[in-house]
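Reading the structure
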Amino acid sequence: MTNTSPGDLVPLPPAALALGAQFAAAGHELHLVGGSVRDALMGRSSDDLDFTTDARPERVLAIVAPVAATTWTTGIEFGTVGAQVDGLRCEITTYRADRYDRETRNPEVVYGDSLVDDLRRRDFTMNAMAVSVSGDRTFTDPYGGLADLAHGVLRTPGTPEESFADDPLRMLRAARFVSTLGVSIAPEVDAALRALAPQLGRITAERVQVELSKLLLGAAPRKGLEVLVDTGLADVVLPELPALRMAADEHGQHKDVYAHTLQVLDQAIDLEDAGPDLVLRWAAVLHDVGKPATREFLPGGRVTFHHHEVVGARMARKRLKALRYPSAFIDEVGQLVFLHLRFYGYRSSEWTDSAVRRYVVDAGLLLPRLHKLVRSDCTTRNKRKAAALSTAYDTLESRIAELKAKEELDSIRPDLDGNEIMSILGVGPGPLVGQAYKHLLALRMEHGPLGRDRAVSELREWYAANA
Ligand code: ATP
Ligand code: MG
């Protein structure tokens, strides 16, 4: 009978074997570690490989040189050397035995001599397994990571309180893994999250952003967000979300905007057609954040959220800015939040062609996402209502298609360009030309193509009134 060690279950890419041989020849250990081992055991491939070694960074650089296409040393202060080997990104980190300065949160980088100590300072047991690639594929799993992985449970190698106090980012990583790996959180980890959540405030916005993006792009972002909200982590990094759990009004008629939001997110994800879409997912999460601030109770028990899309777009932009997302990204999410409600005007009275044109032009490249967001924004259990809404949106989409076919809506320009405006009016370049151009564009939006003769006479009329 042969015994299969878990290490044998980890497929080792040629890059890992090549690196392992180099380290063995130099008399050092090299282990595949962390997410790479976890993902391989889950049958997932990863595009980058993490290794750990007893060799110090300068030595690592020399050892990898013969097999690496390129190397990088951006993380060398933290003991990490990067190397491109056989087309794979490899990161090789010297064993660490950090001490944490709990004031500044900067780990004091201290190299260690033992693999087991290195594994102890990793975030979760399922990320604290190693397979030797310099030796005989020995599998090292001192904290029961394999069993926890099999049960789908996140546990910490040491006590979660100490681990999270050492590095609060690990708390956000827990929520992220719930979304990306479909695992759940052990009760003692959950308790530590609740107790230590406020400490997350010490982590830089950039690192928070990376984790939130990974969480949202995961397979189960709803579950990850629920962890954030339930533990209080969201109060620190995304307070707009827990704020949606508004108290019901006295008539019990209020809808739970938080539950609604999570359902809209699920529904938006179901409509994705080209893989996970971070813009759409953020827009779904943030689409109603303006509601708490705009809620008003009307006589008769009705509730309104007047202009919540305007307030919400502003709040969404502010949050994403605080999280240091790029401004083009913020614009896209903000604009989707801003536009998500306009369709309700379409339902109450059929839109004119000009309203349809404006919808398309205002959405611009976001139009396919706006369709998905608006269609998702219906969580009524009343099947007739839902069907009516969806049919109304179908008719809007087909009107857009008709207008597009007729007018190439995407490239709406006024009937006359700047040069024509100047030559018709006999004027040179200046602000007046821009104003005339805008006027003609507005007419074009309002009425469709004017034709040259009418455009020229409209221009002359405008000029007579405004020059
Ligand atoms: P992914 O690559 O999918 O983001 P990962 O688990 O590989 O997930 P990395 O950020 O690549 O995450 O980190 C590699 C490994 O380093 C982790 O598996 C874990 O062992 C360790 N690690 C990363 N960040 C931390 C942290 N903040 N605290 C402790 N250990 C960490
Ligand atoms: Mg990784």
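Remember, predicted model here, so these are calculated numbers, not experimental data. (Residues numbered from 1 in each chain as written. Chains lettered and ligands numbered in written order. Predicted model: local features only at pLDDT ≥ 70, side-chain atom pairs only at ≥ 80, totals over all residues. Heavy atoms only, no water.)

Quick notes on the pairing of strand β1 (residues 30–33)
Every second residue of β1 is oriented toward a common face, with Leu30 and Leu32 on one face and His31 and Val33 on the other, all of them buried. Here β1 pairs with strand β2 (residues 48–53) via 3 bridges, running antiparallel. Of the residues in β2, the one forming a bridge with His31 is Thr52. Sheet topology places β1 next to strand β8 (residues 130–132); 3 bridges connect them, and they run antiparallel. Within the sheet, the bridge partner assigned to Leu32 lies in β8 and is Val131. (Buried < 20%, exposed > 50% of the residue type's maximum accessible area, 1.4 Å probe, protein only. Helix = DSSP H or I, 4+ residues; strand = E, 2+ residues; numbered from the N terminus. Pairing = 2+ DSSP bridges.)

Topic: helix α22 (residues 431–447)
If you check α22, its first and last C-alpha atoms are 24 Å apart, about what 17 residues at 1.5 Å a residue would give, namely 24 Å. Among the structural elements, α18 (353–363), α20 (383–407), α21 (418–425) and α23 (452–466) are those in contact with the buried residues of α22. Looking one or two residues beyond α22, the residue adopting positive phi is Gly448, at roughly 80 degrees. (Expected span 1.5 Å × (residues − 1). Contact = heavy atoms within 4.5 Å.)

Quick notes on the packing of aromatic side chains
Scanning all chains against the criterion turns up 7 aromatic pairs. Ring centres of Phe124 and Phe177 lie 6.1 Å apart, and the angle between their planes is 85 degrees; on these two criteria the pair is classed as edge-to-face. With Phe124 in the loop between α4 (115–120) and β8 and Phe177 in helix α7 (residues 169–181), this pair connects stretches of sequence that are 53 residues apart. Neither Phe124 nor Phe177 differs from the other in exposure class; each is buried. (Phe/Tyr/Trp six-rings, centres within 6.5 Å; stacked < 30°, edge-to-face > 60°.)

Some thoughts on the pattern of salt bridges
Across all of its chains, the model carries 29 salt bridges by this definition. Of the charged contacts, one joins Glu211 and Arg173 as a salt bridge, the two residues approaching to 3.8 Å between their closest N and O atoms. Here Arg173 lies in helix α7 and Glu211 lies in helix α9 (residues 205–217), a separation of 38 residues in the sequence. Judged by its relative accessible area of 23%, Arg173 falls in the partly exposed class. Residue Glu211 is classed as buried on the basis of its relative accessible area of 4%. Each of Asp123, Arg173, Arg176 and Glu211 takes part in salt bridges that share partners, so that together they form one network. (Salt bridge = Lys/Arg side-chain N within 4 Å of Asp/Glu carboxyl O.)

Some thoughts on the sheet that holds strand β3 (residues 70–72)
One open sheet accounts for 7 strands, arranged β3-β4-β5-β2-β1-β8-β9; its pairing is mixed. In the strand order of this sheet, the two ends are held by β3 and β9 (139–140), each with one partner. Contacts between helix α1 (residues 14–25) and the sheet are confined to β1, β2, β4 (80–85) and β5 (88–94), with β5 contributing the most and set at about 35 degrees to the helix. (Axes fitted to C-alpha atoms, helices over the stretch in contact; angles between N-to-C directions.)

Focus: the site of ligand 1
Neighbouring residues of ligand 1: 14 residues in total, closest Arg38, Asn127, Asp167, Arg170 and Lys214. For ligand 1, an oxygen atom lies 2.8 Å from a polar atom in the side chain of Arg38. Between ligand 1 and the protein, one listed contact pairs a nitrogen atom with a side-chain N or O atom of Arg170 at 2.7 Å. For the shell around ligand 1, the elements supplying multiple residues, two or more each, are α2 (35–41) and α7. For the shell around ligand 1, the leading source of residues is α7, giving 4 residues. Among the residues making up the shell around ligand 1, the classes are represented as 1 nonpolar, 3 polar and 10 charged. (Near = heavy atom within 4 Å. Polar contact = N/O pair within 3.5 Å; in protein donor to acceptor, adjacent residues only side chain to side chain. Nonpolar A, V, L, I, M, F, W, Y, C, P; charged D, E, K, R; others polar.)

Things to note about the packing of α7 against helix α10 (residues 221–231)
Direction vectors running N to C along α7 and α10 enclose 155 degrees, while the axes themselves pass 7 Å from each other. Relative to α10, α7 is oriented roughly antiparallel. Considering how the two elements wind past one another, α7 and α10 form a crossing that is right-handed. Each of Leu172, Ala175, Val178 and Ser179 in α7 lies in contact with α10, whose residues at this interface are Pro221, Lys223, Gly224, Val227 and Leu228. (Parallel < 35°, antiparallel > 145°, perpendicular 65-115°, else oblique. Left-handed = near helix turned anticlockwise from the far one by under 90°.)

Things to note about the nonpolar core
Within the largest apolar cluster, 113 residues are counted, with the highest numbers of intra-cluster contacts made by Phe51, Leu225, Trp282, Leu286 and Tyr359. The contacts of Leu225, once residues within four sequence positions are left out, are Leu215, Leu216, Leu238, Leu241, Tyr258, Leu262, Leu265 and Val285. Ranked by size, the runner-up nonpolar core spans 14 residues in total, among them Ile424, Leu440, Leu443 and Val456. (Core = buried A, V, L, I, M, F, W, Y, C linked by side-chain atoms within 4.5 Å.)

Remarks on the pairing of β2
Across 6 bridges, β2 lies against β5 in parallel orientation. The residue bridging Phe51 from the neighbouring strand is Ile92, located in β5.

Points about the environment of Arg89
Looking at where Arg89 falls in the secondary structure, it is placed in strand β5. Classification of Arg89 by relative accessible area gives partly exposed; the value is 40%. Setting aside anything within four residues of it in sequence, one finds Arg89 in contact with Asp47, Asp48, Leu49, Trp72, Ala83 and Gln84. Within the structure, Arg89 has its side chain in polar contact with the side chain of Glu91 (distance 3.4 Å).

Focus: the domain arrangement of the chain
Accessible area lost upon the coming together of the parts is a frequently used measure of interface size. Looking at the assigned domains, one finds that the chain contains domain 1 (6–151), domain 2 (157–238), domain 3 (258–409) and domain 4 (414–466). Between the C-alpha centres of domain 1 and domain 2 there is a distance of 23 Å. Taken residue by residue, the interface counts 19 residues in domain 1 and 17 residues in domain 2. At the junction of domain 1 with domain 2, the criterion picks out 1 salt bridge. Asp123 is paired through a salt bridge with Arg173; the nearest N and O atoms lie 2.6 Å apart. Applying the counting criterion to the domain 1 and domain 2 interface returns 3 residue pairs in polar contact (both at pLDDT 80 or more). When residues of the side of domain 1 that touches domain 2 are traced back to their parent elements, those giving at least two are α2 and α4. (Domains from an automatic or database assignment.)

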